[in-house]
Structures are given as C-alpha cells and as structure tokens.
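Coordinate analysis (summary)
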Protein chains: 2
Amino acid sequence: MIKITTKIRYAIRLLIFLAQHEGEMVFLKDVSEKENISFKYLEQIIPYLKNSGLILSKRGARGGYILAKKPSQITIKEIVQSIEGPIAIVECVASSEYCNRSNNCVPNKLWKKLNEQISDTLETITLEDLMLNRISMEVS
Amino acid sequence: MIKITTKIRYAIRLLIFLAQHEGEMVFLKDVSEKENISFKYLEQIIPYLKNSGLILSKRGARGGYILAKKPSQITIKEIVQSIEGPIAIVECVASSEYCNRSNNCVPNKLWKKLNEQISDTLETITLEDLMLNRISMEVS
DNA sequence: ACTATTCATATGGTTTTAGTAGGAATTGAA
DNA sequence: TTCAATTCCTACTAAAACCATATGAATAGT
Ligand code: FES
Ligand code: FES
C-alpha cells in the first residue's frame, strides 16, 4: 500500500514541536506528553534525525533537543529521507540494476514520474510552512 | 514507506498485456509466462479486476480474459483502487473520524495535498498512455 | 549522592506482503 | 462421453515491515 508510516508522522510532529520552541532545549518527555506519542518510540526516532543533522542534543539533566537548522531550511523530504533513505516507490526507479527489464519496461516511466512528483512536492515544503500552516492545496 | 506493491505492478502489467492483445481472449498462462509472473499469484489478482469491471472472463477450455473497456478508458487510479480501495496515504485524509485532531492538526494538510496529488496523477494516466509509452516527465 | 535526561540495544506482537498449494467448476473439442 | 484446458475458490505459510515496549548504561546538572 501507499502509506506514510507513523515513524515519519511522529518525526514531523516532533520537529514541528521543536520549531515552535525554537531556541529552547526541549525535553522528549514534553513532546511525548503534549503530542501524545510513546516516549520510548520517540527515542527510537531521534537517532535518524540526529544523524541527518536535523537536530542537536544535549545529554544529562537539563539536556534536551533543539533544531540544528532554521525551520525554513528543513524540508519534509529531508525528514522523510533521514528515516527511510532515498525515496523510491519501487526499487526500479532508484537502481536500474535491481530491475531486469527497466529499459524496455513500460510501467517504469510511470513509477519514475510519480516518484519524482512525490519527491518534488516534499522538497518544496519546509518545516516553517507546516508551522505557519502555509500549505496551499493548489497544484504547484 | 511509500511503496507500490507487487500486486499493483503485476495487475498493471497484466492489463497492459491484455491491452496489447485487444479483442483476443488471453490465457493467464500466457501472461504468466511472457511477463514472468507467478501464475498462482496472478490468479489471486484477477478477482479484484473483475469485480471492478476492468476485465471480463470466459471459463473452460479456450476461455480466458479480455478488457472490459477500451485502454483509453482505464485509468491507473482505477487499477490501484480496484486492488487497494480508496487511495489514502494516511487514514486521516479519508475519514476525519479516524483522527482525533485533524481539525487543528498541522501535518494533515500536507498529507491531504500529497494524497490528492498522487490521486490526480494516477487518474490522468490511462492504460493506453502506458501501452503507447505516452508518459511525459514534465509536471502536468 | 541524587535526579533527570539522552543513548544504546534487545525483544515481541501484529499486520502486510508475496507468494504456494490443492482442488472444484466450467467449457470446448476429440 | 470423455478428456484436457481453463477459470474459480479458498486455505495456508514464510518473511518482512510496522509499531511499539523494556531494560539499563552513560552523562550532566544541582
Ligand atoms: S522491471 Fe523495473 S519497473 Fe518494470
Ligand atoms: S491527527 Fe490526523 S493528520 Fe494529524
């Protein structure tokens, strides 16, 4: 199925929360409580975001998390990719080696087109857009 | 992840095969061999397409399958929906009941937008377009 | 020392995916 | 009438993905 996983959705909500508290160190506990997301599950999502350089952390008491960049410079695509790697709705669109017939494969173009469209859309939308509720429904 | 399942991909290849043999009764065995798809798995995909009125069948020896409509009148969206039901990348975009906070939920608009975009793209492309290799990569 | 926090890793239940398998029902042809 | 070829129906299963829960170590402030 074409589904957005909870991991991605939680990550976005986490980052929006951080964006709304820009400048402060935020405890994961607060995010968990306010957003009503399992604390332990959130903890598992964090490393992806750290490794991709989206957030910074400080350990110990009074530690916490903070955005590593301005919300206007974090795209949804980055967030998705930090968790799931390259966006590829089928293997064939990423590596043509994976696919024995992609040269003369008719559907391949369809998947490539759809993949690019999704990728492009996610790239044009930033955390700031989400935070400011600045999502237009018109086809861009 | 955002993945296209094999069921959908096989269904499309099956239908393209039928489109390429318009007018003839096609044996599933041939589709299976030529497209190199498990015969038994294909058999399981068939009922979805039949129930959605995309194909017609004839039982018994010399039976087979045939498109119920012209390739130009079968959209990719129909094919996807025949197998997976309504396109909904998250539950929240379909039924707002499912979702406790969709009114004031910031990401909701993002998912709705992405969902519509995918849905629209799949709707504008027909089997005929695939068959004639008529997929433009430009953003429509 | 104590407490609050992040960090690391293991474990587990459920659902989805991607098939495999066996045989019943139908039809055309020999 | 029998046979073979085909669709139709339904059950089963292995593997992966998804969605967490659990335990405890490491770190840092007070
Ligand atoms: S074989 Fe790769 S898309 Fe068809
Ligand atoms: S609660 Fe439904 S999209 Fe956020």
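Here, the structure is the one placed above.
Read on for a plain summary of the structure. (Residues numbered from 1 in each chain as written. Chains lettered and ligands numbered in written order. Predicted model: local features only at pLDDT ≥ 70, side-chain atom pairs only at ≥ 80, totals over all residues. Heavy atoms only, no water.)

**What about the protein's contact with DNA strand D?**
- Near DNA strand D there are 28 residues, and of these Ser 38 and Lys 40 of chain A together with Glu 43, Lys 50 and Ser 57 of chain B occur at the shortest range.
- Counting only atoms of DNA strand D within 4 Å of the protein, the sugar-phosphate share comes to 60%.
- Elements with a minimum of two residues in the surface near DNA strand D: helix 1 (6-20) and helix 3 (39-51) of chain A together with helix 3 (39-51), strand 1 (55-58) and strand 2 (64-67) of chain B.
- Looking at which element gives the most residues to the surface near DNA strand D, the answer is helix 3 of chain B, with six residues. (Near = heavy atom within 4 Å. Helix = DSSP H or I, 4+ residues; strand = E, 2+ residues; numbered from the N terminus.)

**Some words on the packing of helix 6 (residues 106-124) of chain A against helix 1 (residues 6-20) of chain B**
- One way to put it is that helix 6 of chain A packs onto helix 1 of chain B with a least axis distance of 10 Å and a crossing angle of 135°. Classified by the angle their axes make, helix 6 of chain A and helix 1 of chain B are oblique. For the pair helix 6 of chain A and helix 1 of chain B, the sense of crossing is right-handed. Within the contact between the two elements, helix 6 of chain A uses Val 106, Pro 107, Leu 110 and Trp 111 of chain A and helix 1 of chain B uses Ile 8, Arg 9, Ile 12, Arg 13 and Ile 16 of chain B.
- Taken together, the residues of the contact of helix 6 of chain A with helix 1 of chain B break down into seven nonpolar, no polar and two charged. (Axes fitted to C-alpha atoms, helices over the stretch in contact; angles between N-to-C directions. Parallel < 35°, antiparallel > 145°, perpendicular 65-115°, else oblique. Left-handed = near helix turned anticlockwise from the far one by under 90°. Contact = heavy atoms within 4.5 Å. Nonpolar A, V, L, I, M, F, W, Y, C, P; charged D, E, K, R; others polar.)

**Description of the relation of the copies chain B and chain A**
- Under the fitted operation, chain B is carried onto chain A by 0.0 Å of movement along the axis and a turn of 180°, and the coordinates agree to an RMSD of 0.0 Å. What the superposition gives is, in effect, a two-fold axis relating one chain to the other. For chain B, the residue whose C-alpha comes nearest the rotation axis is Ile 2 of chain B, separated from it by 2.3 Å. (Least-squares fit on C-alpha atoms with pLDDT ≥ 70 in both.)

**Overview of the packing of aromatic side chains**
Residue and element names in this part refer to chain A.
- A full pass over the atoms with the stated rule returns two aromatic pairs over all chains.
- When the ring of Tyr 10 is compared with that of Tyr 41, the centres are 5.8 Å apart and the planes differ by 90°; the resulting orientation is edge-to-face. A residue pair is termed long-range when its members are at least 10 positions apart, and Tyr 10 in helix 1 and Tyr 41 in helix 3 qualify at 31 residues.
- What makes Tyr 10 buried here is its relative accessible area of 19%.
- For Tyr 41, a relative accessible area of 27% corresponds to the partly exposed category. (Phe/Tyr/Trp six-rings, centres within 6.5 Å; stacked < 30°, edge-to-face > 60°. Buried < 20%, exposed > 50% of the residue type's maximum accessible area, 1.4 Å probe, protein only.)

**Here's the deal with the pattern of salt bridges**
- Scanning the entire structure with this criterion turns up 13 salt bridges over all chains.
- Within this structure, Glu 128, Asp 129 and Arg 134 of chain A form a network of salt bridges that share partners. (Salt bridge = Lys/Arg side-chain N within 4 Å of Asp/Glu carboxyl O.)

**Section: the packing of helix 1 of chain A against helix 4 (residues 76-84) of chain A**
All names here are of chain A.
- Orientation of helix 1 relative to helix 4, taken along the N-to-C sense of each, is 130°, at an axis distance of 10 Å. One way to sum up the angle between helix 1 and helix 4 is to call them oblique. Both helix 1 and helix 4 take part in a crossing whose hand is right-handed. Residues Lys 7, Ile 8, Ala 11, Ile 12 and Leu 15 of helix 1 form the contact with helix 4, whose participating residues are Ile 76, Ile 79, Val 80, Ile 83 and Glu 84.
- For the contact of helix 1 with helix 4, the per-class residue count stands at eight nonpolar, no polar and two charged.

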